[in-house]
Amino acid sequence: MPCKNLKIVCFSPTRTTRRILDAIAEGIGAEQLEVIDVTRSDRVPESCECAGDDLVIIGAPVYSGRIPLTAVERFKVLKSCGTPVVPVVVYGNRAYEDALVELTDLASEAGFKPFGGAAFIGEHSFSTEKTPIAVSRPDKDDLGKAREFGRFIAAKLAAGDISGVDIPGDRPYKERSPKASASPISNDDCQLCGACERVCPTAAIAVGSLVETDPDKCIFCCACVKVCAFDARKLEVPRLLEVSQWLADNFSECREPETFI
Ligand SMILES: Cc1cc2nc3c(=O)[nH]c(=O)nc-3n(C[C@H](O)[C@H](O)[C@H](O)COP(=O)(O)O)c2cc1C
């Protein structure tokens, strides 16, 4: 069963998940590649049927040991009758806890057939110069391992083997953390260029003669902070600054990607 049609399905506000999935796809080397990137609300298709002879790689970041609710909602457009799928999570060097098992279950519930899985590391969304966490991950080695994982996926599929594998994580999943009503803010260096508005996955930002952010829509993904060319957007929420410091102090040792196939 060689892979003809590969679909990448992803939610990836700061693009680390997307980069890992692209590298896995390179390793698979399918004849045709379709990308369904649901990061922006206006790019979510109404529905997405996957055929039995497609291969799907689905990926999302880890938020508090779970799949972000926004991604869970957007992945609901996916439908399948037995399409082989490989779920992949990307986390900021702390832990992925129940996220990979949750994504695997989501895929099974939508009719897919999970036959592998992986957890890779990406620069933490909260990483800053003062509180560096997994800076510049995925790096060259991570991307090499992602391509190698892609080759293993292709070989397993070519052998006609889509048997499931054990995925670490607990059921019931850990409780989601309650969401605070807050957001990054723009300072006086802001040039009103609108880049933050364009990358916001929840349409929480409106740029006019000033930048307005809806704190209830913000999911703290930090896409707006990372995209700002003027370094004018900061996540200065006291509780999250404490978390960033704790992460930088306690999770500086590089974790390695884990693959299950
Ligand atoms: C709200 C929030 C919660 C997060 N929780 C975790 C976590 O539990 N463990 C972890 O290691 N990283 C955590 N991260 C870091 C992201 O998983 C990591 O930066 C990932 O690479 C982001 O993926 P993206 O670039 O595709 O958006 C969290 C990030 C955010 C914004």
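Residues numbered from 1 in each chain as written. Predicted model: local features only at pLDDT ≥ 70, side-chain atom pairs only at ≥ 80, totals over all residues. Heavy atoms only, no water.

1. Some details on helix α3 (residues 99-109)
Taking burial as the measure, the 11 residues of α3 include eight buried ones, the bulk of the element. In this structure, the buried side of α3 is in contact with β4 (54-61), α2 (69-74), β6 (84-91), β7 (113-114), β8 (117-121) and β13 (258-260). A positive phi of about 95 degrees marks G111, the residue just after α3. (Buried < 20%, exposed > 50% of the residue type's maximum accessible area, 1.4 Å probe, protein only. Helix = DSSP H or I, 4+ residues; strand = E, 2+ residues; numbered from the N terminus. Contact = heavy atoms within 4.5 Å.)

2. As for the domain arrangement of the chain
Looking at the assigned domains, one finds that the chain contains domain 1 (5-172 + 254-260) and domain 2 (185-236). Taken over C-alpha atoms, the centre of domain 1 sits 26 Å from the centre of domain 2. Each partner contributes to the roughly 920 Å² buried at the junction of domain 1 and domain 2, and carbon and sulfur atoms together form 58% of this total. Across the domain 1-domain 2 interface, the total number found is one salt bridge. Taking the shortest distance from any N to any O, the salt bridge between K226 and E123 comes out at 3.0 Å. Across the contact surface, domain 1 and domain 2 share four residue pairs in polar contact (both at pLDDT 80 or more). Here the residues of the side of domain 1 that touches domain 2 are counted per class, giving four nonpolar, seven polar and three charged. (Domains from an automatic or database assignment. Buried area = accessible area lost by both parts, 1.4 Å probe. Salt bridge = Lys/Arg side-chain N within 4 Å of Asp/Glu carboxyl O. Polar contact = N/O pair within 3.5 Å; in protein donor to acceptor, adjacent residues only side chain to side chain. Nonpolar A, V, L, I, M, F, W, Y, C, P; charged D, E, K, R; others polar.)

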